[in-house]
Amino acid sequence: MWGGRFAEGPSAVMREINASIPFDKRMWRQDLRGSQAHVTMLGKQGIIGAEDAAAIHAGLDQVAAEFEAEGVRDDLALEDIHMFAEARLTQKIGPVAGRLHTARSRNDQVATDFRLWVRDAIDQAEAALGALQDALLARAEEHADSVMPGFTHLQVAQPVTLGHHLMAYFEMFARDRSRLQDARARLNLCPLGSAALAGTGFNLDREATAKALGFDGPTRNSLDSVSDRDFAIEYLTAASQAALHLSRLAEEFVIWASQPFGFVSLSDQWSTGSSIMPQKRNPDAAELVRGHSGRITGALVSLMITMKGLPLAYSKDMQDDKPPVFEAHDLLGLSIAAMTGMVESATFRLERMRAAAEAGFSTATDLADWLVREGGIPFREAHHITGRAVAAAEAGGIRLDQLSIAQLKEIDSRIDERVYDVLSVDASVSSRTSFGGTSPKRVREAIAAARKGREEEER
């Protein structure tokens, strides 16, 4: 298709390194959709005749039906999905197919196709994260009162509820969806009509093609239009952040499913066994989600490095923009689906969680707060007194709330029987009533607000 300037064909190696159809054929739907919008505009503007436009429309429908039924075969001689689709169109309707490429270049064509594809990918990821949020909401509501240890440095810190813990991930994924929505809004301008780099002398209606393809309008600078891949980098940035959050949740499941913790039992659907140790129940799905986060972040770095030194406008380096995006999209979709399944089917072992919370002196801060509140003691002094109480309980192999009042008064005479109202794990979580806190009341309020938000989003 571009051979008129050349006396010889490309070498076999050149043909292989130059071809992108093995991976960009994934964009065939976007490519044909863009072509339909382009030929409609060409016909309405009188740039091509009405009969030719109608023939091309019908031919593109035939090509779409063929690709849907048979897929797209790799043809390295035709380089990419754009040339392959045009070649199939030519075989179906003859030379009139050559009018389709009037007033456009592969540069603005691929930029448009890729934006359409990334926009679809964002919509899919955003919907999948919404489903994961729904799963977290359901389990959080189920366990709004279930006590577990909260950790810092992976050491028992203060008691929280499992519902509160799960809602923390709901908030993370809400931010991920927000980032995807922001990226979608910025990418939603149409490059079609920018041609190779300088625009075109034909009387195009770029507003019409943008509207037909669901864009908010046309891009404003033809040089930027064909050379911009910010939209792909932004998608990968949002995908990497989401993968990071998925990895953190996956790591929690890996730790919680281990025998020393025993906080959760993963279903058979999301576990595997060992080839040699019959007793093993491995959280492989969670581990793979954790591993995929590295590959998704690697895709972001790959594309950023590809783009970092390119002068305006288009360079062939940009052909390598799609493989990392495609890989990240596939891995992100798998990771979200796996974590959604694990959240929905996990069996939480509440007695183990409660026992861990009770065993770790997790109500020590409640004792210090009580001393401040009821005894008027400065917090730093209260902290020291509480440390002595923890040491006494540890020496006796008992919980804080099992220390006798005599033992507590020996540590500080200002302590009285009212302190037992705050020393149990249930009292501790119930007392955390500040906005965003772990008290069951606050957790249920957060769940109700989140459900309302999700319902409004779905409307």
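Draft legend 1. Molecular detail of the overall build of the protein. In terms of regular secondary structure, the protein is built from 18 helices and four strands. A compact globule built from 459 residues should have a C-alpha radius of gyration of about 23 Å, whereas the protein, at 30 Å, is more than 25% larger. Seen along its three principal axes, the alpha-carbon backbone of the protein occupies a region of about 100 × 50 × 40 Å. Across the 459 residues of the protein, 48% fall into the buried class. The long-range share in the protein, meaning contacts at least 24 apart out of those at least 6 apart in sequence, stands at 76%. Accessible area for the protein stands at about 21600 Å²; split by element, carbon and sulfur atoms hold 52% of it. Placing the 51 positive and 64 negative side-chain charges of the protein at their respective mean positions leaves the two points 1 Å apart.

Draft legend 2. Spotlight on the pairing of strand 1 (residues 147–152). Examined bridge by bridge, strand 1 and strand 2 (residues 155–161) share six bridges and lie antiparallel to one another. Its bridge partner being in strand 2, phenylalanine 151 is matched across the sheet by valine 156. Connecting strand 1 to the antiparallel partner strand 2 that follows it, the hairpin turn spans two residues, and histidine 153 within it adopts a positive phi of roughly 60°.

Draft legend 3. Looking closely at the side chain of glutamate 66. Locating glutamate 66 in the fold gives a position in helix 4 (residues 50–70). Not counting residues within four places of it along the chain, the set of residues in contact with glutamate 66 comprises Gly71, Arg88 and Lys92.

Draft legend 4. Structural context of the nonpolar core. Judged by nonpolar contacts, the single largest core of 72 residues is most densely connected at Val118, Tyr235, Trp256, Val325, Leu332 and Met342. Mapped onto this core, the elements with two or more residues apiece are helix 6 (106–142), helix 7 (162–187), helix 10 (230–257), helix 11 (284–307), helix 12 (322–345) and helix 18 (440–458). Counting 23 residues, the second largest nonpolar core, distinct from the first, contains Val72, Phe84, Ala87 and Leu100.

Draft legend 5. The pattern of salt bridges, seen in detail. What the rule picks out here adds up to 37 salt bridges. Ionic pairing is found between glutamate 234 and arginine 186, a salt bridge with its closest N-O pair at 2.8 Å. Separated by 48 residues along the polypeptide, glutamate 234 in helix 10 and arginine 186 in helix 7 bring together distant segments of the chain. What makes glutamate 234 partly exposed here is its relative accessible area of 25%.

Draft legend 6. Broad picture of the environment of phenylalanine 84. Here phenylalanine 84 is to be found in helix 5 (residues 81–93). Phenylalanine 84 sits in the buried class, given a relative accessible area of 2%. Distance in space between the C-alpha atoms of phenylalanine 84 and leucine 213 is 21 Å, their sequence separation being 129 residues. Once you skip the residues sitting within four places of it in the chain, phenylalanine 84 turns out to touch Ile21, Phe67, Val72, Arg73, Asp75 and Leu78.

Draft legend 7. Spatial organisation of the packing of aromatic side chains. Taken as a whole, this structure holds 10 aromatic pairs when the rule is applied. Ring geometry for phenylalanine 114 versus phenylalanine 231: centroids 5.5 Å apart, planes at 75°, classification edge-to-face. Here phenylalanine 114, found in helix 6, pairs with phenylalanine 231, found in helix 10; they are 117 residues apart in sequence, far enough to count as distant. Taken as a pair, phenylalanine 114 and phenylalanine 231 share a single burial class, namely buried. Linked through ring pairs, Phe151, Phe253, Trp256, Phe261, Phe263 and Phe348 together constitute an aromatic cluster.

Draft legend 8. Geometry of the side chain of arginine 119. On the secondary structure map, arginine 119 appears in helix 6. Although buried, arginine 119 forms no salt bridge, and the nearest oppositely charged side chain, aspartate 120, lies 4.9 Å from it. Residues within four places of arginine 119 in sequence aside, it is in contact with Arg33, Arg184, Leu187, Asn188, Leu213, Gly214 and Phe215.

Draft legend 9. Region of interest: a nonpolar patch on the surface. Taken together, the side chains of Leu197, Leu223 and Leu312 present a nonpolar region at the surface, about 270 Å² in accessible area. Here leucine 197 falls in the partly exposed class, since its relative accessible area comes to 40%.

Draft legend 10. Up close: helix 18. Spanning 19 residues, helix 18 covers 27 Å between terminal C-alpha atoms, matching the ideal 27 Å at 1.5 Å per step. Taken as a whole, helix 18 has its buried residues at Pro440, Val443, Ile447, Ala450 and Arg454. Burial along helix 18 is one-sided: seen end-on, the buried residues are contained in an arc of 85°. Projecting away from the buried face of helix 18 at angles above 90 degrees are the exposed residues Lys441, Ala449 and Lys452. If you follow the buried residues of helix 18, they end up packed against helix 6, strand 2, helix 7 and helix 17 (425–431).

Draft legend 11. View of the packing of helix 6 against helix 7. Close contact between helix 6 and helix 7 brings their axes to 9 Å; oriented N to C, the two are set at 165°. Taken together, helix 6 and helix 7 sit at an angle that is classed as roughly antiparallel. Crossing of helix 6 over helix 7 shows left-handed handedness. When the residues that make up the contact of helix 6 with helix 7 are grouped by side-chain class, the tally is 17 nonpolar, four polar and nine charged.

Draft legend 12. Fine view of unusual backbone geometry. Cis geometry is adopted by the peptide bond preceding alanine 313, which originates at leucine 312 and carries an omega value of 5°. Assignment of secondary structure puts alanine 313 in the loop between helix 11 and helix 12. Although it is not a glycine, glutamate 79 adopts a positive phi angle of roughly 70°. Turning to its location among the elements, glutamate 79 is positioned in the loop between helix 4 and helix 5. Of note in this structure, leucine 154 is not a glycine but carries a positive phi near 60°.

Draft legend 13. Main features of the environment of aspartate 31. Position of aspartate 31 among the secondary structure elements: in helix 3 (residues 28–44). Between the C-alpha atoms of aspartate 31 and alanine 183, which are 152 residues apart in sequence, the distance is 21 Å. When residues no more than four places from it in sequence are discounted, the contact partners of aspartate 31 are Ile81, His82, Ala85, Gln109 and Asp113. At a separation of 2.8 Å, a polar atom in the side chain of aspartate 31 contacts the side chain of histidine 82.

About the thresholds
- Residues numbered from 1 in each chain as written.
- Predicted model: local features only at pLDDT ≥ 70, side-chain atom pairs only at ≥ 80, totals over all residues.
- Heavy atoms only, no water.
- Helix = DSSP H or I, 4+ residues; strand = E, 2+ residues; numbered from the N terminus.
- Rg over C-alpha atoms; globule rule 2.2 N^0.38 Å.
- Buried < 20%, exposed > 50% of the residue type's maximum accessible area, 1.4 Å probe, protein only.
- Contact = heavy atoms within 4.5 Å.
- Areas by Shrake-Rupley, 256 points an atom, 1.4 Å probe, with all protein chains shown as cover.
- Lys, Arg positive; Asp, Glu negative; His and termini not counted.
- Charge placed at Lys NZ, Arg CZ, Asp CG, Glu CD.
- Pairing = 2+ DSSP bridges.
- Core = buried A, V, L, I, M, F, W, Y, C linked by side-chain atoms within 4.5 Å.
- Salt bridge = Lys/Arg side-chain N within 4 Å of Asp/Glu carboxyl O.
- Phe/Tyr/Trp six-rings, centres within 6.5 Å; stacked < 30°, edge-to-face > 60°.
- Patch = residues over 30% accessible without salt bridge, like charges linked within 9 Å, V, L, I, M, F, W, Y side chains within 5 Å.
- Expected span 1.5 Å × (residues − 1).
- Arc of directions from axis to C-beta.
- Axes fitted to C-alpha atoms, helices over the stretch in contact; angles between N-to-C directions.
- Parallel < 35°, antiparallel > 145°, perpendicular 65-115°, else oblique.
- Left-handed = near helix turned anticlockwise from the far one by under 90°.
- Nonpolar A, V, L, I, M, F, W, Y, C, P; charged D, E, K, R; others polar.
- Polar contact = N/O pair within 3.5 Å; in protein donor to acceptor, adjacent residues only side chain to side chain.

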